[in-house]
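# Residue-level structure breakdown
One letter stands for each residue in the lines below.
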Amino acid sequence: MSRWYYAPARVTKDDVILRLSNPSLEQQLNRARFALAQQRANFEALKLAQQSEQLTAQGNLTLLKSELAGAKLRAQAV
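Here's a quick rundown of the structure.

Once that is clear, we can look at the overall build of the protein chain. Within the protein chain one finds 1 helix and 0 strands. Relative to the compact-globule value of 12 Å for 78 residues, the protein chain shows a C-alpha radius of gyration of 32 Å, a clear excess of over 25%. For the protein chain, the spread of C-alpha atoms along the three principal axes comes to 105 × 25 × 15 Å. Burial analysis of the protein chain (78 residues in total) assigns 1% to the buried set. Split by element, the accessible area of the protein chain, about 8000 Å² in all, is 58% carbon and sulfur. Each charge class in the protein chain was averaged separately, 11 positive and 6 negative side chains, and the resulting centres sit 3 Å apart.

So this is what it looks like as structure tokens:
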């Protein structure tokens with residue numbers, strides 16, 4: 001909530017008596033926040049892609065182990 005003070009008004013230590021703004025700096029800050037959000041999203045996407053690749057590799061390894069075990073059993077049966 002904004003409040004206006006006129007001389008000789010009494011103010012306390014928590015009262016805001018002047019607020020400065022810099023639109024250019026605010027725009028830079030918004031761009032930086034957007035860039036950070038993009039990088040976080042990219043990082044999460046890469047993390048998910050790596051997890052997917054790892055699960056695929058683990059599935060392939062399990063399949064190969066199963067095929068090896070089957071081949072060993074067939075070789076013993078002969």
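Now that the structure has been shown, we can carry on.
What the rule picks out here adds up to 1 salt bridge. Among the ionic pairs, Glu44 bridges to Lys47, the shortest N-O distance being 3.5 Å. Linking Glu44 with Lys47, this pair stays in helix H1 (residues 23–77), spanning 3 residues, or about one helical turn. Glu44 sits in the partly exposed class, given a relative accessible area of 37%. Residue classification places Lys47 among the partly exposed residues on the basis of a relative accessible area of 36%.

Take the environment of Leu18 next. Mapped onto the elements of the fold, Leu18 is located in the segment before H1. When the C-alpha atoms of Leu18 and Asn42 are compared, they prove to be 40 Å apart, with 24 residues separating the residues in sequence.

On the secondary structure map, Ala49 appears in helix H1. Owing to a relative accessible area of 34%, Ala49 belongs among the partly exposed residues under this scheme. Expressed as a C-alpha distance, the spacing of Ala49 and Ala69, which sit 20 residues apart in the sequence, is 30 Å.

Together, Val11, Ile17, Leu18 and Leu20 make up an exposed nonpolar region whose accessible area comes to about 480 Å². You can see Leu20 is positioned in the segment before H1.

Counting through the fold element by element, Leu36 comes out in helix H1. Sequence spacing of Leu36 and Arg74 is 38 residues, and the spatial spacing of their C-alpha atoms is 57 Å.

The rules behind these values
- Residues numbered from 1 in each chain as written.
- Predicted model: local features only at pLDDT ≥ 70, side-chain atom pairs only at ≥ 80, totals over all residues.
- Heavy atoms only, no water.
- Helix = DSSP H or I, 4+ residues; strand = E, 2+ residues; numbered from the N terminus.
- Rg over C-alpha atoms; globule rule 2.2 N^0.38 Å.
- Buried < 20%, exposed > 50% of the residue type's maximum accessible area, 1.4 Å probe, protein only.
- Areas by Shrake-Rupley, 256 points an atom, 1.4 Å probe, with all protein chains shown as cover.
- Lys, Arg positive; Asp, Glu negative; His and termini not counted.
- Charge placed at Lys NZ, Arg CZ, Asp CG, Glu CD.
- Salt bridge = Lys/Arg side-chain N within 4 Å of Asp/Glu carboxyl O.
- Patch = residues over 30% accessible without salt bridge, like charges linked within 9 Å, V, L, I, M, F, W, Y side chains within 5 Å.

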